[in-house]
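# Structural description and commentary
Below are the chains, spelled out letter by letter.
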Amino acid sequence: MISVFPEVSSQYLIGGEWKTSSKIKEVRNPAKITEFVGEVALCSETDVTQAVDAAENAFKAWSRTSVDERAKRMKEAAEKLSTVIEEHVSLFVRENGKTMVEAKKDLLRCVEVMSKGADTLLEWWKPVHVEGQAQKVQIRKRPRGVTAVISPWNSPMILTFKRAIPAILAGNTVVIKPATYCPLTVMSCLKIIESSFPPGVINIVTGSGSVVGEALCGDTRVRTIAFTGSTETGKKIMSLSSNSVKKLYMELGGNDPALILPDADLNEAAIKRIRLGILRASGQVCSAIKRVYVHESRYEEFVDKLKKEFERVVVGSGIQPDTTMGPLNNRSQFNFVKELLERSKQIGAQVESIGQKLDSASWEEGYFMLPSIVTNLSHDSELVRAEQFGPIIPVIPFADLDEAIEMANDTEFGLRASVWTSNETAAIDIADRLEAGAVFHNNHTVFQNLRLDFPGIKESGLSQETRWGGLELFTDCYGFAD
Ligand code: NAP
Ligand code: MG
C-alpha cells in the first residue's frame, strides 16, 4: 500500500523534481474542521516561471514521440492508478466532503479517462483525407505546446484529469494548478502517474489563484489554458491571457433550470433523479439543478413529493457509510449559502430544511447543512438568479410554457437544463428553445460516454462540442496538400 502522506503535503513538481515549500496553507476536513488533512505549498511567481520553463523544454521531445508510445505510457499510468483507488477514496472524502460513493466514482472515472483516452488517441490521430479537391489534401494533427490546467475544488479529480490527460496524450506538456481548498488527492494521484512520462511533461504548481493562477495565465509561452471554475474568474483569465494569442477552453458557472410540465411522470424514480440532480455533492456541482419551474397544476404535488424525498437524506461525514450527503467544502461557500438562505427568508420566502442529521452532537464541527426547499419566491429573487452552489433549491410555479422558457433563459448562464414531460417530441421542441450547452429529458445528469462533452454557452463557457474526449481542444489541425 502506498502511504499518501506526507508524500505530497507541501510539495509541488517542476521538471520531474518534487520540491517542498515552507510557505504553506493547511487543508482541513470540512466534516470536522479541527482535523488536519495535509498542507498545500504556496508557490511563488518564480516557481511558476520555472514550471513553464520545464514544460517548454520537455515539449521539444514529448511532442515528437509517436502516438503509440504516448498511448502505451498512458495505459501503464492508468494501470498504476487503478491499483491505488481504494486508499485515495478516504483521502478525497476527508479533504473534499463528498460521500465515499461519490468520491470513488470520481476516482474511477479518472482511470477511465486515461485508459479510454489512450485508445481514442490511436483512432483519432490518423490523418483525414479530404476527397473531391483539386489537390490531394489531408488534415493532420500536431500538439500546441505548453498547456495550463486550472481546476476548481468541487470535483477536482475529474475536472483536472479530463483536461490534463487529453492534453498530454496529444503531445503537449502541462502545468497544473489545483484548487487550494482541495489539492491533495489530485497531487497524490499525479505523483503516482507522473513517473510514466519524461520529466517536465507534468508539472504542478499550487497556491492561490491570484498569485499562481495569474502568473500562469500571463506567461506568454503558455499556448493553451484549460480552465474550469467560476464565470468571474474565467473573465479575469480571458483578460490576463490576452498578452499573447492563447487558445482558451473555459468551463464556467451554471444556474441550471429544470422545467416540470403538466404531463410529467413524477414517479418515485423520477423524483429520485431530481433529488440527485439537486443534491449530488451537496449541490456543489456546476451542472446541478439550481432552479425548478413547475406547472401550477402539478406544483403542490411536486413540492410534496420532493419534501418526502429530501426527508430520507442523511447528512453527515462522507466517511460514514450511512451518509447520503456530505458537508459543504469550505467556510466561504458555507457562509455564502447560509447567508443567501437568510436573505431569502427576509424577503418572505418559505424555507423548509429537511433531512436527517447523522450525528447531531458533532453537527457544529463541520460545514453541514440540511437540504432546503424554498418556495414563495419570485423568479427575480437573488436565490433564483445566483449560482447558489449548495443544497438549497427554489421551486417556482408557472402558468404557461412560453413563460417558463422565458424564465429559464433569463440568466447569463447557459450550462445545462432539463425538461420533465411524457412527450418526447415536446421535450425536443423545448430543448431547441432553451439556451444551454446540453438539455436532458426526464433526467439531469452527466454524459456517460466520457468522449462526449458539451460545455456551456453564454457565460457558462466557450462552447465547443467534443466527441473525442477533449483531444480536439489540445491539438492544431493543419492541411497538407500535394
Ligand atoms: P474559482 O474561484 O473560479 O476557482 C477555480 C480555480 O481558479 C482555482 O484553482 C482557483 O485558485 C483559480 N483562480 C482563482 N482566481 C484566479 C485568477 N485570478 N487567475 C487564475 N486562476 C484563478 O471557482 P471555484 O470556487 O473553485 O469553483 C466553483 C465554480 O466552478 C462554480 O462557479 C462552478 O459552477 C464552476 N464549475 C464549472 C464546471 C464546468 O464544467 N462548467 C465544473 C465545476 C465547477 P484558488 O481557489 O486556489 O485560489
Ligand atoms: Mg440559483
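Residues numbered from 1 in each chain as written. Chains lettered and ligands numbered in written order. Predicted model: local features only at pLDDT ≥ 70, side-chain atom pairs only at ≥ 80, totals over all residues. Heavy atoms only, no water.

### Topic: the environment of Gln133
Relative to the assigned elements, Gln133 resides in the loop between strand S5 (128-130) and strand S6 (137-143). Among the residues examined, Gln133 registers a relative accessible area of 45% and is labelled partly exposed. (Helix = DSSP H or I, 4+ residues; strand = E, 2+ residues; numbered from the N terminus. Buried < 20%, exposed > 50% of the residue type's maximum accessible area, 1.4 Å probe, protein only.)

### Describing the coordination of the magnesium ion (ligand 2)
The protein atoms that coordinate the magnesium ion (ligand 2) are Leu383 (O), Ala386 (O) and Gln388 (OE1), at distances spanning 2.2 to 2.4 Å. Within one chain, the residues donating to the magnesium ion (ligand 2) are spaced in sequence as L-x2-A-x1-Q. Here the two residues Leu383 and Gln388 agree in accessibility, since each one is buried. (Donors = N, O, S within 2.8 Å, 3.2 Å for Na, K, Ca; no water.)

### A word on the sheet that holds S6
On the basis of which strands lie adjacent, the open sheet formed by three strands has the order S5-S6-S21 and antiparallel pairing. Edge positions in the open sheet fall to S5 and strand S21 (475-481), since each of these has one partner strand only. Strand after strand, the sheet turns through a mean of 30 degrees between neighbouring axes, direction not considered. (Pairing = 2+ DSSP bridges. Axes fitted to C-alpha atoms, helices over the stretch in contact; angles between N-to-C directions.)

### Regarding helix H1 (residues 45-62)
Helical periodicity: at 3.6 residues per turn, an α-helix aligns residues three or four positions apart in one direction. Helix length check: H1, at 18 residues, gives a terminal C-alpha distance of 25 Å against a target of 26 Å (1.5 Å per residue), a fit within 8%. Of all the residues in H1, the buried ones are Asp47, Val48, Ala51, Val52, Ala54, Ala55, Ala58, Phe59 and Trp62. End-on view of H1: buried residues confined to an arc of 160 degrees, all on one side of the axis. Exposed and oriented more than 90 degrees from the buried face of H1 are Glu45 and Lys60. (Expected span 1.5 Å × (residues − 1). Arc of directions from axis to C-beta.)

### Observations concerning the pattern of salt bridges
Summed over all chains, the structure comprises 30 salt bridges. The partner of Glu112 in a salt bridge is Lys116, with the nearest N and O atoms 3.0 Å apart. Taken as a pair, Glu112 and Lys116 lie in helix H4 (residues 100-124) at a separation of four residues, close to a single helical turn. Classification of Glu112 by relative accessible area gives partly exposed; the value is 26%. Residue classification places Lys116 among the partly exposed residues on the basis of a relative accessible area of 47%. (Salt bridge = Lys/Arg side-chain N within 4 Å of Asp/Glu carboxyl O.)

### Looking at the sheet that holds strand S19 (residues 416-420)
The strand order S15-S17-S18-S13-S12-S19-S20 describes an open sheet built from seven strands, whose pairing is mixed. Of all the strands in the sheet, just strand S15 (350-353) and strand S20 (438-441) have a single pairing partner and so form its edges. If you compare each strand with its neighbour and ignore which way they point, the axes differ by 20 degrees on average. Direction of pairing for strand S12 (residues 256-260) relative to strand S13 (residues 289-295): parallel, over a ladder of five bridges. In the sheet register, Ala258 faces S13, and the bridge partner there is Val292. Relative to S20, helix H14 (residues 424-433) is tilted by about 160 degrees, and along the sheet it contacts S12, S19 and S20. (Contact = heavy atoms within 4.5 Å.)

### Concerning the packing of aromatic side chains
All chains considered together, the criterion is met by seven aromatic pairs. Between the aromatic rings of Trp62 and Phe197, the centroid separation amounts to 5.8 Å while the plane-to-plane angle is 90 degrees, which identifies the pairing as edge-to-face. Placement of the pair is Trp62 in helix H1 and Phe197 in the loop between helix H6 (184-194) and strand S9 (202-204), with a sequence separation of 135 residues. There is no split in this pair, since Trp62 and Phe197 are both buried. Centre to centre, the rings of Trp124 and Trp125 are 6.1 Å apart; their planes meet at 70 degrees, and the pair counts as edge-to-face. Each member of the pair, Trp124 as well as Trp125, carries the same accessibility label: buried. The structure contains a cluster of three or more aromatic residues connected by ring pairs, namely Phe440, Phe447 and Phe454. Lying across the ring of Trp125, Arg70 places its NZ or CZ 5.0 Å from the centre. Seen from the ring of Trp124, Lys141 lies directly overhead, with NZ or CZ sitting 4.6 Å from the centre. (Phe/Tyr/Trp six-rings, centres within 6.5 Å; stacked < 30°, edge-to-face > 60°. Lys NZ or Arg CZ within 6 Å of the ring centre and 35° of its normal.)

### Here we look at the pairing of strand S17 (residues 372-375)
Along S17, one buried face is formed by Ser372 and Val374 and the opposite face, lined by Ile373 and Thr375, is buried too. Both S15 and S17 contribute to a ladder of four bridges, which runs antiparallel. By the bridge assignment, Glu352 is partnered in S17 with Ile373.

### Focus: the side chain of Lys162
Here Lys162 shows up in helix H5 (residues 156-169). Exposure remark for Lys162: the relative accessible area of 18% places this residue in the buried category. In this structure Lys162 touches Val113, Glu251, Asp453 and Gly469, once residues within four positions along its chain are discounted.

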